[in-house]
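Here is what each chain is made of, one letter per residue.
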Amino acid sequence: MADLRSLEIFYWVATLASFRRAAEQVNTTQPAVSQRIAALEQEYGPLLERRARDVALTDAGRRVLAYAERFLALRAEMTADLASPATMTGSLRLGVSETIVHLWLIPFVERLRAVYPGVTVDISVDISTNMQGALLANEIDLALLVGPITLPDFVNRPLFSTPVAWIASPQLLDCGRQLALDDLLRHPLITYPKNTSPYVELRDLILRASGPPPQIHTSASLATIVKMTVERLGICVIPPAIVRKEIATGELVVAPTDVRLSSIGFTATYANRPGQYLAEQAARIAQEVAGEATA
């Protein structure tokens, strides 16, 4: 009869369509995964169709997958109901936008450690499009990113929204008057990478402008963007909250302009799969910390 471990392994083979990636997910070897699947198929018949680069479910495989999901969901429910957070162990693979790193990541990690002292956090800082791919590939458990991700089987918990502004050194701008779009576009612009919403909005503004297009410098590093702006290499387009200190000291100013930019909304996003209890609770904690930090 199938045991829970075999059903868990089958679930990940079916979900990831790969013996190798399933072995990595459950921290075992590929031969061990093959043996578990072979034992299940000996009992229930062919469950997987082996193809050149992946596997696909047979009709029997889809039926076994439904049972496996129910068993794993019941185990997660039991853990949530009976296990004490203080005794839980494991790791949370966290993807996070650098904007959040600069705003409230440290209080979030501290709160998470206080609630789940036995859980380690593996943090990767990346842009939101890459984190979406990592969630789909099950390479991270939870992403704090520009969201939501409007795909099936993902849960999006709203975190906060932050405005975006034109920011520059006061020595670069005539801050004594309202600046039109053409005034701003006379300078090089500095912002997030090309496959991000601030860059796309900036590009569309430039296409609608009448003057010659400015240079756009992009970086995935907010520290680099801020440094370039302080050194008067151009006007940056980022949330003012990132440069509170520089604005307070007068190194940087928010440009006086009626050219408005869209705010960036962030979500805590995770896959709606069995066994996601820790990601779900971490998302709830992220909501609490974000609310306190942006209140």
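Everything in this summary refers to the structure shown in the same document. (Residues numbered from 1 in each chain as written. Predicted model: local features only at pLDDT ≥ 70, side-chain atom pairs only at ≥ 80, totals over all residues. Heavy atoms only, no water.)

**So, the overall build of the protein chain**
Part 1: Counting its secondary structure elements, the protein chain contains 12 helices and 12 strands.
Part 2: A globule of 295 residues ought to have a C-alpha radius of gyration of about 19 Å, yet the protein chain, at 24 Å, is considerably larger.
Part 3: Once the C-alpha set of the protein chain is aligned to its principal axes, its extents read approximately 80 × 45 × 25 Å.
Part 4: Looking at the protein chain as a whole, 46% of its 295 residues qualify as buried.
Part 5: For the protein chain, long-range pairs separated by at least 24 residues make up 75% of all intrachain contacts whose partners lie at least 6 apart in sequence.
Part 6: On the protein chain, roughly 15200 Å² of surface is accessible, and the fraction owed to carbon and sulfur atoms is 51%. (Helix = DSSP H or I, 4+ residues; strand = E, 2+ residues; numbered from the N terminus. Rg over C-alpha atoms; globule rule 2.2 N^0.38 Å. Buried < 20%, exposed > 50% of the residue type's maximum accessible area, 1.4 Å probe, protein only. Contact = heavy atoms within 4.5 Å. Areas by Shrake-Rupley, 256 points an atom, 1.4 Å probe, with all protein chains shown as cover.)

**A short note on the pairing of strand 7 (residues 165-168)**
Part 1: Residues Ala165 and Ile167 of strand 7 are buried on one face, and the alternating residues Trp166 and Ala168, pointing to the opposite face, are buried as well.
Part 2: With three bridges connecting them, strand 7 and strand 10 (residues 235-238) associate as antiparallel partners. Within strand 10, the position partnered with Ile167 by the bridge is Cys236.
Part 3: Pairing analysis gives two bridges linking strand 7 to strand 11 (residues 253-254), with the strands arranged antiparallel. If you follow Ile167 over to strand 11, its bridge partner there is Val254. (Pairing = 2+ DSSP bridges.)

**Looking at the nonpolar core**
Part 1: Counting 61 residues, the largest nonpolar core has Trp104, Phe108, Leu142, Leu144, Leu159, Trp166 and Ile238 as the members making the most contacts within it.
Part 2: With nine residues, helix 12 (residues 277-294) is the largest single contributor of residues to this core.
Part 3: Leave out the neighbours within four places in its chain, and Ile238 touches Val164, Ala165, Ile167, Tyr192, Leu222, Ile225, Val226 and Val243.
Part 4: Ranked by size, the runner-up nonpolar core spans 23 residues in total, among them Val13, Leu16, Leu47 and Ala68. (Core = buried A, V, L, I, M, F, W, Y, C linked by side-chain atoms within 4.5 Å.)

**Digging into the packing of helix 1 (residues 4-16) against helix 3 (residues 30-44)**
Part 1: Closest axis-to-axis distance for the helix 1/helix 3 pair is 9 Å, and the angle between their directions is 105°. Considering their axes alone, helix 1 and helix 3 lie roughly perpendicular with respect to each other. Across the interface between the two elements, Arg5, Ser6, Ile9, Phe10 and Val13 of helix 1 pack against Val33, Arg36, Ile37 and Leu40 of helix 3.
Part 2: Among the residues forming the contact of helix 1 with helix 3, the class breakdown is six nonpolar, one polar and two charged. (Axes fitted to C-alpha atoms, helices over the stretch in contact; angles between N-to-C directions. Parallel < 35°, antiparallel > 145°, perpendicular 65-115°, else oblique. Nonpolar A, V, L, I, M, F, W, Y, C, P; charged D, E, K, R; others polar.)

**Side note on the side chain of Ser6**
Part 1: For Ser6, the position within the fold is in helix 1.
Part 2: Residue class for Ser6 comes out buried when judged on its relative accessible area of 5%.
Part 3: Among residues more than four places away in sequence, those in contact with Ser6 are Arg36 and Leu40.

**Here we look at the pattern of salt bridges**
Part 1: Per the counting criterion, the structure on display carries 16 salt bridges.
Part 2: Across the pair Glu288 and Arg111 runs a salt bridge whose closest N-O atoms are separated by 3.5 Å. One end of the pair, Glu288, is in helix 12; the other, Arg111, is in helix 6 (residues 105-115), and 177 residues separate them in sequence.
Part 3: Overall, Glu288 belongs to the partly exposed group, its relative accessible area being 35%.
Part 4: Residues Glu231 and Lys227 are paired through a salt bridge, measuring 3.3 Å at the closest nitrogen-oxygen approach.
Part 5: Among the residues examined, Glu231 registers a relative accessible area of 44% and is labelled partly exposed.
Part 6: Connected through salt bridges with shared partners, the residues Arg111, Arg284, Glu288 and Glu292 form a single ionic network. (Salt bridge = Lys/Arg side-chain N within 4 Å of Asp/Glu carboxyl O.)

**A short note on a nonpolar patch on the surface**
Part 1: A contiguous nonpolar surface patch, about 300 Å² in accessible area, is contributed by Leu4, Tyr67 and Phe71.
Part 2: With respect to the helices and strands, Leu4 occurs in helix 1. (Patch = residues over 30% accessible without salt bridge, like charges linked within 9 Å, V, L, I, M, F, W, Y side chains within 5 Å.)

**Describing the sheet that holds strand 12 (residues 264-271)**
Part 1: Overall, mixed pairing links the five strands, which are arranged 4-3-5-12-6 in an open sheet. Two strands lie at the open edges of the sheet, namely strand 4 (119-125) and strand 6 (154-162), each paired on one side alone. Neighbour to neighbour, the strand axes of the sheet diverge by 20° on average, direction disregarded.
Part 2: In the sheet, strand 3 (residues 90-96) pairs with strand 4 via seven bridges, with the strands oriented parallel. Counterpart to Leu94 in the pairing with strand 4 is Ile123.
Part 3: Contacting strand 3, strand 4 and strand 5 (142-146), helix 6 runs over the sheet at an angle of about 165° to strand 3.

**A short note on the pairing of strand 3**
Part 1: In the sheet, strand 3 pairs with strand 5 via three bridges, with the strands oriented parallel. The residue bridging Val96 from the neighbouring strand is Leu144, located in strand 5.

**What about the packing of helix 1 against helix 4 (residues 59-82)?**
Part 1: For the pair helix 1 and helix 4, interaxial distance at closest approach is 9 Å and the crossing angle is 120°. Taken as a pair, helix 1 and helix 4 cross one another with a handedness that is left-handed. Between helix 1 and helix 4, the contacting residues are Leu4, Leu7, Glu8, Phe10, Tyr11 and Ala14 on the first element and Gly61, Val64, Leu65, Ala68, Glu69, Phe71, Leu72 and Arg75 on the second.
Part 2: Looking at the contact of helix 1 with helix 4 residue by residue, the classes come out as 10 nonpolar, one polar and three charged. (Left-handed = near helix turned anticlockwise from the far one by under 90°.)

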